[in-house]
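Residues per chain, in single letters:
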Amino acid sequence: MTATRPRNAGQTRADILSAARRRFGTEGYEGTTLRAVAADVGVDAALVIRYFGSKQDLFAAAADFSIDLPDLSDIDPDKVAGILLPRFFAVWEEDETFLALLRAAMTSPVAADTLRRVFAEQVAPKLITATPDHPIQRIGLMGAFVIGLATTRYVLLNPPVASLSRDELTRWAAPVIRQLLVGPAP
Amino acid sequence: MAAQRSRDAAQTRADILSVARRRFATEGFERTTLRAIAADVGVDAAMVIRYFGSKQDLFATATEFAIELPDMSAADPDDIGDMLLPRYFAVWEDDHSFLALLRAAMTSRIAADTLNQTLATHVAPALMAVTPDNPQQRIALTDAFVIGLAATRSILGDLPVSGLSREELTRWAAPVFRQLLVGPAPS
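Residues numbered from 1 in each chain as written. Chains lettered and ligands numbered in written order. Predicted model: local features only at pLDDT ≥ 70, side-chain atom pairs only at ≥ 80, totals over all residues.

Quick look at the overall build of chain A
Selection rule: Secondary structure elements are taken from DSSP: a helix is a run of H or I of four residues or more, a strand is a run of E of two residues or more, and numbering for both begins at the N terminus. Three exposure classes are used, based on other C-beta atoms lying within 10 Å of a residue's own C-beta, which is placed from the backbone: buried for 20 or more, exposed for 12 or fewer, and partly exposed in between. With C-beta atoms placed from the backbone, a contact is any residue pair whose C-beta atoms sit within 7 Å.
When you go through chain A residue by residue, the secondary structure sums to 10 helices and 0 strands. Helices (α) and strands (β) of chain A occur, in sequence order from the N terminus, as α-α-α-α-α-α-α-α-α-α. C-alpha atoms of chain A, sized along the principal axes, occupy 60 × 35 × 30 Å. Expressed as a percentage of its 186 residues, the buried residues of chain A come to 41%. Counting only contacts in chain A whose residues sit at least 6 apart along the sequence, the fraction spanning at least 24 positions is 68%.

Things to note about the overall build of chain B
Helix and strand content of chain B: 9 helices and 0 strands. In chain B, the order of α-helices and β-strands from amino to carboxyl end is α-α-α-α-α-α-α-α-α. Along the longest, intermediate and shortest principal axes, the C-alpha atoms of chain B span 60 × 35 × 30 Å. Sequence separation of 24 or more characterises 67% of the internal contacts of chain B that already satisfy a separation of 6 or more.

Considering the domain arrangement of chain B
As a measure of interface size, the accessible area lost when the parts come together is often cited. Residue and element names in this part refer to chain B. Heads up, the rule is: Where each domain starts and ends follows an automatic or database-derived domain assignment. Put simply, Ala, Val, Leu, Ile, Met, Phe, Trp, Tyr, Cys and Pro go in the nonpolar bin, Asp, Glu, Lys and Arg in the charged bin, and everything else, Gly too, in the polar bin.
The domain architecture assigned to chain B consists of domain 1 (2-62) and domain 2 (77-182). Look at where the C-alpha atoms of domain 1 and domain 2 centre, and you get two points 28 Å apart. Listed by contribution, the elements that provide at least two residues to the side of domain 1 that touches domain 2 are α1 (2-31) and α4 (55-62). Its residues assigned to classes, the side of domain 1 that touches domain 2 shows 5 nonpolar, 2 polar and 2 charged.

Description of the interface of chain B and chain A
Contact residues are listed per partner, giving 42 residues for chain B and 41 residues for chain A. Sorting the residues of the side of chain B that touches chain A by element identifies α1, α6 (96-105), α7 (109-128), α8 (135-154) and α9 (166-182) of chain B as the ones contributing at least two each. Per element, the largest residue contribution to the side of chain B that touches chain A is 12 residues, and it comes from α8 of chain B.

A few points about the domain arrangement of chain A
Residue and element names in this part refer to chain A. Parsing chain A into structural domains produces domain 1 (4-62) and domain 2 (77-182). Distance from the C-alpha centre of domain 1 to the C-alpha centre of domain 2: 27 Å. Facing the 10 residues of domain 1 at the interface are 11 residues of domain 2. Contributing elements (two or more residues each) for the side of domain 1 that touches domain 2: α1 (4-31) and α4 (55-62).

Looking at unusual backbone geometry
With a phi close to 55 degrees, Leu-157 of chain A is a non-glycine residue in the positive phi region. One can find Leu-157 of chain A in the loop between α8 (135-155) and α9 (159-162). Judged by the 14 C-beta atoms lying within 10 Å of it, Leu-157 of chain A falls in the partly exposed class. Despite not being glycine, Asn-134 of chain B has its phi angle at roughly 40 degrees, a positive value. Assignment of secondary structure puts Asn-134 of chain B in the loop between α7 and α8. Given 15 C-beta atoms within a 10 Å radius, Asn-134 of chain B is considered partly exposed.

Quick notes on the environment of Pro-132 of chain A
Residue and element names in this part refer to chain A. Residue position: Pro-132 is located in the loop between α7 (109-128) and α8. Judged by local crowding, Pro-132 falls into the exposed class, with 12 C-beta atoms found within 10 Å. Linking Pro-132 and Ala-150, residues 18 residues apart in sequence, is a C-alpha distance of 26 Å.

Some words on the packing of α7 of chain A against α8 of chain A
Residues and elements named next belong to chain A. Threshold: For every element, the axis is a line fit to its C-alpha atoms; helices are fit only across the contacting stretch, and the angle between N-to-C directions ranges from 0 to 180 degrees. Should an angle lie under 35 degrees it is considered roughly parallel, over 145 roughly antiparallel, and from 65 to 115 roughly perpendicular; all remaining angles are considered oblique. Rotating anticlockwise by less than a right angle from the far helix to the near helix defines a left-handed crossing, while the corresponding clockwise rotation defines a right-handed one.
Running from amino to carboxyl end, α7 crosses α8 at an angle of 120 degrees, the nearest separation of the two axes being 10 Å. The orientation of α7 with respect to α8, classified from their angle, is oblique. In this structure, α7 meets α8 at a crossing whose hand is right-handed. Within the contact between the two elements, α7 uses Phe-119, Ala-124, Leu-127 and Ile-128 and α8 uses Pro-135, Ile-139, Met-142 and Gly-143.

Thoughts on the environment of Arg-13 of chain B
Residue and element names in this part refer to chain B. Assignment of secondary structure puts Arg-13 in helix α1. Look at Arg-13 and you get partly exposed, because 16 C-beta atoms sit within 10 Å. Along the primary structure Arg-13 and Val-41 are separated by 28 residues, whereas in three dimensions their C-alpha atoms are 9.7 Å apart.

Overview of the packing of helix α6 (residues 97-105) of chain A against α7 of chain A
Residue and element names in this part refer to chain A. Two elements in contact, α6 and α7, have axes whose closest approach is 7 Å; the angle formed by their N-to-C orientations is 130 degrees. In this view, α6 runs oblique relative to α7, as classed from their interaxial angle. Once α6 is placed against α7, the crossing between them reads as left-handed. For the pair α6 and α7, contact is made by Leu-101, Leu-102, Ala-104 and Ala-105 and by Ala-111, Ala-112, Thr-114 and Leu-115, respectively.

Details of the environment of Pro-160 of chain A
Locating Pro-160 of chain A in the fold gives a position in helix α9. C-beta crowding within 10 Å serves as the criterion here: with 21 such atoms nearby, Pro-160 of chain A is assigned to the buried category. Setting aside anything within four residues of it in sequence, one finds Pro-160 of chain A in contact with Gln-136, Gln-137 and Ala-140 of chain B.

The following block contains the structure:
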């Protein structure tokens, strides 16, 4: 019996995180309660608190994700978009953490703060390695473009962008990414 | 007295719209109730219904944003950014309706459809005049860029792009508008 307990605890933690992402993603940070997350999993709110602490702590754990971007300093400018976009697709499409964070960040300062930290710690330092000059302008607009694409394609589901294949979107977005990160400064 | 009363009615309508934008933006469409909006203004829910109809009607009115885009048909490709951005700034920095709609659209299908529909009817026709091909893709990708700029400058807080002046942002965004709207289509 003791052998199954750690696995169950691990599974319960995973279930709580998954339910939390769904709730934060659909109802926003303010609208989500620990009680509702606990009910989704079939446990007591006290258990959620014991495992994760406050709502803010649970959010931090549920929205914690890593995006693995390579160093771009020696990359051919024509290849930058082709290297970055598959990493972005992986984050956007292969787990629900980023979209939950994005949805929550638009309606909650706590979540917006988490999103800014991910950008500052994981995205900006790598994008800067590609930029020949004006790093703030270049990564600032690049961040806007990426967030705009993710919002339009996965949250708003605006048909002309949502229905593009990864390949098609890559071909449309590549010249923009190239221009923003390494193109001539205006 | 009649003049006083009608001014009060206009003020009440304005107060209801302003509270509605705040509620829809922070709590989303589904969780916002007419009763909560009425309570914030200090009126009865029946009055909100009398003025605006259902919750969905109120939402439509509260988030209806006006955007005036110029005639782009003879636009020089290099001028497109300069022509468009001042109009966009007016919508997302000087008017609360668009940001309320965008925030609500993040957690509500109804709000997201309203936003998509508004872009298709109010923004797409003007942009259509400059697109040489693939108008739907070009326009929707341009909308995506604009939404990203609005979100990173006016909703998500202190990101690198929030510190740029309008002039500086316009200079950096112009080549993107040019590429998306009139640049070479992918082969």
